[in-house]
Amino acid sequence: MLNKRSIVAWVMALLVAFLASCSSPTPPPTYSDAQLQKIEQYTARIVALRDRMSELESLIQQEEWINVDTFIHGPLGDLRSKTNYLTQSLLLAKDKTPVLDAAKQVFEDLEDIDVAAAEGDKKQALSEYKKAVADFDTFLGLVPKDS
């Protein structure tokens, strides 16, 4: 037989569960102005590398394969560490995966350019270059910005 205390306890538990389900959900985390400013400052360093991509195209056009390799591993060699820092240290969890996936695609494109350059395949290198630029722009488009 149920006593009064156990009935009251069940009623209280049901009341708490009901009130908790009726409460408004917590808003998803958002970026503060300071976080957005830091992201923007760091992204500017990555944009500077994007701005140098035309140099890579010129090297491919001129079939300067050694310089293509040097450029990919030199000035663009910093790209991976910069994108990883941005993704892992500055972005909220909800934004990390798509931005990181886009960055990985850029790296794959650069590796494909490197392979084409090693084979002296200008047509393939230019094709991969176009993919790299498009993927780089996609990456930059996914990075949160100050509105």
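In what follows, the structure referred to is the one given above.
Each chain carries its own residue numbering, running from 1 in the direction its sequence is written. With pLDDT at 70 or above as the cut-off, local features in this predicted model cover only qualifying residues; side-chain atom pairs require 80 or more to be listed or tallied, and sums for whole chains, interfaces and linings still use all residues. The side-chain numbers reported here are obtained from all heavy atoms of the structure, hydrogens and water having been left aside.

Here we take up the layout of surface pockets. Lining residues are those with an atom within 4 Å of a point, where the points come from a 1 Å grid over the protein atoms alone and group into cavities, where a 1.4 Å probe fits but cannot get out, or pockets, open sets with protein on both sides within 12 Å along at least five of seven lines. Grid points are joined across faces, edges and corners, and a volume is the space filled by probe spheres set on the points. The calculated volume of the largest pocket comes to roughly 170 Å³. Put simply, the parts of the chain that give the lining of the largest pocket at least two residues each are α4 (65–73), α5 (79–90) and α6 (93–119). Labels follow the DSSP assignment, with helices taken as runs of H or I lasting at least four residues and strands as runs of E lasting at least two, numbered in each case from the N terminus. In terms of residues, the lining of the largest pocket owes the most to one element, α6, which gives four residues. Grouping the amino acids of the lining of the largest pocket by side-chain chemistry returns five nonpolar, two polar and three charged. Charged residues are taken to be Asp, Glu, Lys and Arg, nonpolar residues to be Ala, Val, Leu, Ile, Met, Phe, Trp, Tyr, Cys and Pro, and polar residues to be all remaining types, Gly included.

Another point: the packing of α4 against α6. All axes are obtained by fitting lines to C-alpha atoms, using only the stretch in contact for helices, and the reported angles, taken between N-to-C directions, cover 0 to 180 degrees. Running from amino to carboxyl end, α4 crosses α6 at an angle of 160°, the nearest separation of the two axes being 9 Å. Judged by the inter-axis angle, α4 sits roughly antiparallel to α6. Every pair of crossing elements has a handedness; the one defined by α4 and α6 is left-handed. Contacts between α4 and α6 involve W65, V68, D69, I72 and H73 on the former and, on the latter, L110, I113, D114 and A117. Roughly parallel here means an angle under 35 degrees, roughly antiparallel means over 145, roughly perpendicular means 65 to 115, and every remaining angle is called oblique. Left-handed describes a crossing whose near helix is turned anticlockwise from the far helix by less than a right angle; the clockwise case is right-handed. For this analysis, residues touch if any pair of their heavy atoms sits within 4.5 Å.

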